[in-house]
Amino acid sequence: MADLHQLAQMFRELDDQLVSCMRCGMCQAVCPVFAQTGRETDVTRGKLALLDGLAREMLTDAAGVNDKLNRCLLCGTCQANCPSGVRIMDIFLKARAIMTGYFGLSRTKKAIFRGMLVNPRLFNALTGLGATFQGLFTKKVDDMLGSSCARFTAPLVADRHFKTLAATPLHKLVPELDTPAGASGIRVAFFTGCVIDKIFPQVGQAALEVLARQGVGVFLPAQQACCGIPALSSGDQATFDKLVAMNVQWFTASEFDYLLTSCATCTSTIKELWPRMFKGDPALGAAIKELAGKTMDISQFLVDVLGVKEAPATGCGKVTYHDPCHLKNGLGITAQPRTLIKASGCAYTEMREAGSCCGCGGSFNVAHYELSKKIGSRKAQNIMESGADILATSCPACMLHITDMLSQKKAGIAVKHVIELYADSMKNQE
Amino acid sequence: MNTSIIKEFAAIVGNDNVMASETDRHAYSYDAAVLDSVLPALVVRPENSEALGQTVKLCNEHGLPLTVRGAGTNLSGGTIPHPGGVVVLTNGLNRILEINAEDMYAVVEPGVVTAKFAAAVASHGLFYPPDPGSQAVSTLGGNVAENAGGLRGLKYGVTKDYVMGIDFWDVGGNLIKTGSRTVKCVSGYNLAGLMVASEGTLGVFDKIILKIIPPPKAARSMMAVFASMQAASETVAAIIAAKIVPATLEIMDNFTIRTVENFRHAGLPKDAAALLLIEVDGHPAQVADEAALVEQICKQHGASELKVARDAAERDAVWQARRDALPALAKLRPTCVLEDATVPRSKIPAMIKALDDISRKYQLTIGTFGHAGDGNLHPTILTDRRNEQEWQRVEKAIDEIFNRALELGGTLSGEHGIGLAKAKYMVLETNRGTLDYCRRMKSVLDPKGILNPGKIIG
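Numbering of residues begins from 1 in every chain and follows the order in which that chain's sequence is written. Following the order in which they are written, the chains are lettered starting with A and the ligands numbered starting with 1. Residue-level local features of this predicted model are given only where pLDDT is at least 70; pairs of side-chain atoms are given and counted only at 80 or more, and the full residue set underlies all totals for whole chains, interfaces and linings.

Here we look at the overall build of chain A
Moving on, step 1. Check the secondary structure of chain A and you find 23 helices and twelve strands.
Moving on, step 2. In summary, chain A has a C-alpha radius of gyration of 21 Å against a globular reference of 22 Å for 430 residues, a match within 12%.
Moving on, step 3. Dimensions along the principal axes, computed over C-alpha positions, put chain A at roughly 70 × 50 × 45 Å.
Moving on, step 4. Put simply, chain A has 430 residues, and 53% of those count as buried.
Moving on, step 5. Partitioning the intrachain contacts of chain A with sequence separation of at least 6 by distance along the chain shows that 78% fall at a separation of at least 24. Runs of E in the DSSP output that reach at least two residues are strands. Runs of H or I that reach at least four are helices, and both are numbered from the N terminus. Note on method: radius of gyration uses C-alpha positions; expected globular size equals 2.2 Å times residues raised to 0.38. In this scheme the burial state of a residue depends on its C-beta neighbours within 10 Å: 20 or more other such atoms mean buried, 12 or fewer mean exposed, and anything in between means partly exposed; the C-beta positions come from the backbone. Whether two residues are in contact depends on their C-beta atoms, placed from the backbone: they are in contact if these lie within 7 Å.

What to know about the environment of A:Arg23
Moving on, step 1. Following the sequence through the fold, A:Arg23 ends up in the loop between helix H2 (15-18) and helix H3 (32-37).
Moving on, step 2. Residue class for A:Arg23 comes out buried when judged on the 21 C-beta atoms lying within 10 Å of it.
Moving on, step 3. With eleven residues separating them along the chain, A:Arg23 and A:Phe34 place their C-alpha atoms 15 Å apart.
Moving on, step 4. Beyond its immediate stretch of four places on either side in the chain, A:Arg23 contacts A:Arg45, B:Tyr30, B:Asp31 and B:Ala32.

What about the pairing of strand E9 (residues 204-211) of chain B?
Residues and elements named next belong to chain B.
Moving on, step 1. E9 sits mainly inside the fold: seven of its eight residues count as buried.
Moving on, step 2. When DSSP locates at least two bridges between a pair of strands, those strands are taken to pair. Sheet analysis places strand E6 (residues 105-108) next to E9, joined by four bridges and oriented antiparallel. Looking at E9, one finds that Tyr105 is bridged to Lys211.
Moving on, step 3. Relative to E9, strand E7 (residues 163-169) runs antiparallel, the two being bridged by six bridges. Paired with Ile166 across the two strands is Ile208, which belongs to E9.

Points about the sheet that holds strand E4 (residues 177-178) of chain A
Hydrogen bonds between backbone atoms are what pair the strands of a sheet, whose relative direction is either parallel or antiparallel.
All names here are of chain A.
Moving on, step 1. If you walk across this open sheet you meet the five strands as E4-E6-E5-E7-E8, and the pairing is mixed. Single-partner strands in this sheet number two, and they are E4 and strand E8 (295-297).
Moving on, step 2. The pairing of E4 with strand E6 (residues 216-220) spans two bridges and is antiparallel. What sits directly across from Asp178, in E6, is Phe219.
Moving on, step 3. On the sheet, helix H17 (residues 298-305) packs against strand E7 (258-261) and E8 and is oriented at approximately 90° with respect to E8. Only the stretch in contact is used when fitting a helix axis, every axis being a line fitted to C-alpha atoms; angles between N-to-C directions are given from 0 to 180 degrees.

Some remarks on the domain arrangement of chain A
Residues and elements named next belong to chain A.
Moving on, step 1. Domain limits in this description derive from either an automatic procedure or a database domain assignment. Taken as a whole, chain A is organised into domain 1 (4-103) and domain 2 (308-428).
Moving on, step 2. Each partner contributes to the interface: domain 1 provides twelve residues, whereas domain 2 provides 13 residues.
Moving on, step 3. The set of elements that each furnish at least two residues to the side of domain 1 that touches domain 2 consists of H3 and helix H6 (77-81).
Moving on, step 4. In terms of residue class, the side of domain 1 that touches domain 2 is built from six nonpolar, five polar and one charged. Under the grouping applied here, Gly and all other residues not named as nonpolar or charged are polar, the nonpolar ones being Ala, Val, Leu, Ile, Met, Phe, Trp, Tyr, Cys and Pro and the charged ones Asp, Glu, Lys and Arg.

Some details on the interface of chain B and chain A
Moving on, step 1. At the interface, 23 residues of chain B touch 25 residues of chain A.
Moving on, step 2. Among the elements of the structure, helix H2 (22-26) and helix H11 (312-330) of chain B are those that each provide at least two residues to the side of chain B that touches chain A.
Moving on, step 3. In terms of residues, the side of chain B that touches chain A owes the most to one element, H2(B), which gives four residues.
Moving on, step 4. Looking at the side of chain B that touches chain A, its residues break down into twelve nonpolar, six polar and five charged.

Observations regarding the pairing of strand E16 (residues 376-383) of chain B
All names here are of chain B.
Moving on, step 1. Burial of E16 is extensive: eight of the eight residues sit out of reach of the surface.
Moving on, step 2. Alternating positions in E16 separate into two faces, Asn376, His378, Thr380 and Leu382 on one and Leu377, Pro379, Ile381 and Thr383 on the other, with burial throughout.
Moving on, step 3. Where strand E14 (residues 335-338) meets E16, four bridges bridge the pair, whose relative direction is antiparallel. Looking at the pairing, Leu338 lines up with Thr380 of E16.
Moving on, step 4. Summarising the sheet, strand E15 (residues 365-371) and E16 pair through seven bridges and their orientation is antiparallel.

Focus: helix H19 (residues 335-343) of chain A
The α-helix advances 3.6 residues per turn, and as a result positions three or four apart in sequence lie on the same side.
Residue and element names in this part refer to chain A.
Moving on, step 1. Taken together, the buried positions of H19 are Gln336, Pro337, Arg338, Leu340, Ile341 and Ala343.
Moving on, step 2. Of the surrounding elements, those touching the buried residues of H19 are H17, strand E9 (318-321), strand E10 (347-348), strand E11 (390-393) and helix H23 (418-428).
Moving on, step 3. Positive backbone phi, at 75°, marks Gly345, one or two positions downstream of H19.

Describing the packing of helix H4 (residues 44-55) of chain A against helix H5 (residues 62-70) of chain A
Residues and elements named next belong to chain A.
Moving on, step 1. The N-to-C vectors of H4 and H5 enclose an angle of 155°; their axes lie 10 Å apart at closest approach. Judged by the inter-axis angle, H4 sits roughly antiparallel to H5. With respect to the hand of their crossing, H4 and H5 are arranged in left-handed fashion. Taken together, the residues of H5 that come into contact with H4 (itself represented by Lys47, Leu50 and Leu54) are Ala62, Val65, Lys68 and Leu69. Note on angle classes: values under 35 degrees are labelled roughly parallel, values over 145 roughly antiparallel, values of 65 to 115 roughly perpendicular, and the remainder oblique. By the definition used in this description, the sense in which the near helix is turned from the far one sets the handedness, with an anticlockwise turn below a right angle giving left-handed and a clockwise turn giving right-handed.

Details of the sheet that holds strand E2 (residues 147-150) of chain A
All names here are of chain A.
Moving on, step 1. A sheet is described by the order of its strands in space; here three strands give the open sequence E1-E2-E3, paired in antiparallel fashion. The two strands at the open ends of the sheet, each matched to only one other strand, are strand E1 (138-142) and strand E3 (162-163).
Moving on, step 2. Pairing analysis gives four bridges linking E1 to E2, with the strands arranged antiparallel. Residue Lys140 lies in a different strand from E2, and its bridge partner there is Ser148.

Details of the nonpolar core
Moving on, step 1. One finds A:Leu406, B:Leu210, B:Leu275 and B:Leu276 to be the most contacted residues of the largest nonpolar core, which totals 260 residues.
Moving on, step 2. The element that contributes the greatest number of residues to this core is helix H7 (residues 88-103) of chain A, accounting for nine residues.
Moving on, step 3. Among residues more than four places away in sequence, those in contact with B:Leu275 are B:Met223, B:Val225, B:Ile251, B:Met252 and B:Ile257. The term nonpolar core refers to a group of buried residues, namely Ala, Val, Leu, Ile, Met, Phe, Trp, Tyr and Cys, whose C-beta atoms join them within 7 Å.

What to know about the domain arrangement of chain B
Residues and elements named next belong to chain B.
Moving on, step 1. Annotation of chain B at the domain level lists domain 1 (3-89), domain 2 (96-211), domain 3 (216-328) and domain 4 (333-417).
Moving on, step 2. If you average the C-alpha positions of domain 3 and of domain 4, the two centres end up 22 Å apart.
Moving on, step 3. The interface is formed by 17 residues belonging to domain 3 together with 13 residues belonging to domain 4.
Moving on, step 4. Contributions of two or more residues to the side of domain 3 that touches domain 4 are made by helix H8 (229-241), strand E11 (248-253), helix H9 (254-264) and H11.
Moving on, step 5. Counted by class, the side of domain 3 that touches domain 4 contains eleven nonpolar, four polar and two charged residues.

Things to note about the environment of A:Ala35
Moving on, step 1. Here A:Ala35 shows up in helix H3.
Moving on, step 2. A sequence separation of 340 residues divides A:Ala35 from A:Ile375, and the C-alpha atoms of the two residues are 8.5 Å apart.

Quick word on helix H12 (residues 348-361) of chain B
Residues and elements named next belong to chain B.
Moving on, step 1. Between the first and last residue of a helix there are one fewer steps than residues, each counted as 1.5 Å, and that sum is the expected span. Under the 1.5 Å per step criterion, the end-to-end length of H12 is 20 Å for 14 residues, consistent within 8% with the ideal 20 Å.
Moving on, step 2. Those residues of H12 not exposed but buried are Ile348, Met351, Ile352, Ala354, Leu355 and Ile358. Along the axis of H12, the buried positions cluster into a sector of 160°, meaning they face one direction only. More than 90 degrees from the buried face of H12, the exposed residues found are Asp357, Arg360 and Lys361.
Moving on, step 3. Directly after H12, the chain includes Gln363, whose backbone phi takes a positive value near 50°. What the arc covers is the set of directions going from the helix axis to the C-beta atoms.

Encoded structure:
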């Protein structure tokens, strides 16, 4: 472990970015964690002040700062609303990498990131085993949502209503694809993402079906790795670099016009973080930049590129939409998913605070479940008050957490990805 | 701080509401002012009135300096604690206790967020006009303690014009009741008035009674472009002389116009010397008359371009330009010093000229925008505090800005407060006798000097 002075030196490298925070405190209006706790260390201004304090050697409790730093969803709402344009997400991710370098990675995270994520075949095999035996430990609680809870008291699982692993993941249902451009004249690559592959394969299937019906050629490489966000947000730069490099190798094996994902988090990671945060082989820089430039959310592609338009409501039920932070805050994508819902012939109703975070935040949900649940509970309440039968969104991580929240409240509201609604409507038209 | 005192605080507010760790204390060592941070010894968060009163009393018993903090958006250092002191948070006291539509008043706890209160009042079909720039996060307690203003000051006044009464704790933990729920009240000293702008130096607010009013039925906004600051200022004077009091009357200088345009690309004229953003409101017939008259006056005074918003979207576009002013300027350099020296509105051209001179003399970038209707300008110095030489020039420039504002018959602060940042200039605006009077008063009300020491009167 390096000494505190060395740690301060490392944080000093963030000085140019840290200094642009003018401490106006406007982030207090939008931070979902601060809304629950009212504590300055939970809001961005406080966290930036803590990092600044470490850099200037005004603070000695680096572990204390690290704890506060991790009480953040990385939802990016503060950055999207910051009057002085501070690059908050860059600062937080770099700070987490510095902290992980200083304190080391926890044994669990090391096992998951370095043992499993960088080894996609092993990851697939282990989750495959898990899918077979999970019924022994879990029991179903909501058939419509497909949620389960623990059969026995399990500290990590707590009172969660979680989605179990899919019986057959997408990479088994569709091992690979390499189809030429059809009527649309467009060919895309499809980046599945871990949560869709292993928990919501039907979302991936829906996306591939829609693309086929639209005459879009698809390149789905036989191997894909995690986009890297779990490692990066835990400060594991080495694993992130490895995952990016593997994906770049596999996705540059063929030609295509766009790289599509139906996961908001994967989209924003590839588009925004791959080019900025990759510290591996510099020779990959150009390829990363090109891939990032081609990356697009599935609904953005359908609406902006293929020109899918709203259609009269035909009765798929009343739908409301939750904006995933990773589409709304960084990429500004809010209209296209709503257009896609309306294109599916669904009656649309806007909920209150549709753009506020669901509280999932990836590993935040694991480390701070109670807080995550409070934030998610408010989201669930807004969904229920909207009067919708279906909650649609564009991110499988949000789907997981919102399923948990709605299931616990016995809301009787289904959770779907917008592409599922559109795929259903295309099928029904036949 | 020794653990037995911490335990005493914990007994009052609960363990969860006492923060003593280094990280927690560091997070309450600053506010939005460009000043050095000061680490408090303890942070406490009372969640009810009684706990607040006992907290104040305990601080006094131990002689601990006490600084009340709402959202910490203060621009003059009023919420920066005293070394070894206690920060008392009000965000656990955030209930709107009553909104009385019949008698048009509301009773709130000090930690209620301004914008949330305004929205709650609006849902009763009523209107709370003060709208400081930080209203999305600022608290009403802080607004009263600083006498916060906003864009609507000219027609609707500032926070003090809406304070009907305040219940506050004195240092002995006694609840002092002032004002009433009535429009008229002459029972005793106007202690509520004394509390306004007292910056936490005389008492700790427990409840605030605020006046609320019926909202205007209609409004119309417009934007006028001028080739000189003089012409824009004369237009402001002519509008007032025509017996029209716009709800908002804002001005932006050329540097601010260019910066906002580079930021938003909304089509602002980059070569314009000044921009006036005007909104008249009231009864629809009155609004139509006044808007036509304002248009005419702008043209008579040489407005080269005049845009009248025809719908809500256009109205929003007009005000977006004003909302963009600070964020656009703030992005140019790492440090942004936002001042609020205020002059009689007829002196705006002279003040703008003075700011130009100061900016040249000290080789600094200063963008100026602000409330032309009430003479409250926001010269915004863009700098980098880490550059020592430049920072010294900034400090000199600030001195000179205040001197010039006072020479023009103005005041040090229109709405940001005196706090730590401007305490040293107070004698220039008032005199030795005035400060002595204030200090004598404080020494009686707060014999141990625990209430936000160092603020306003040094």
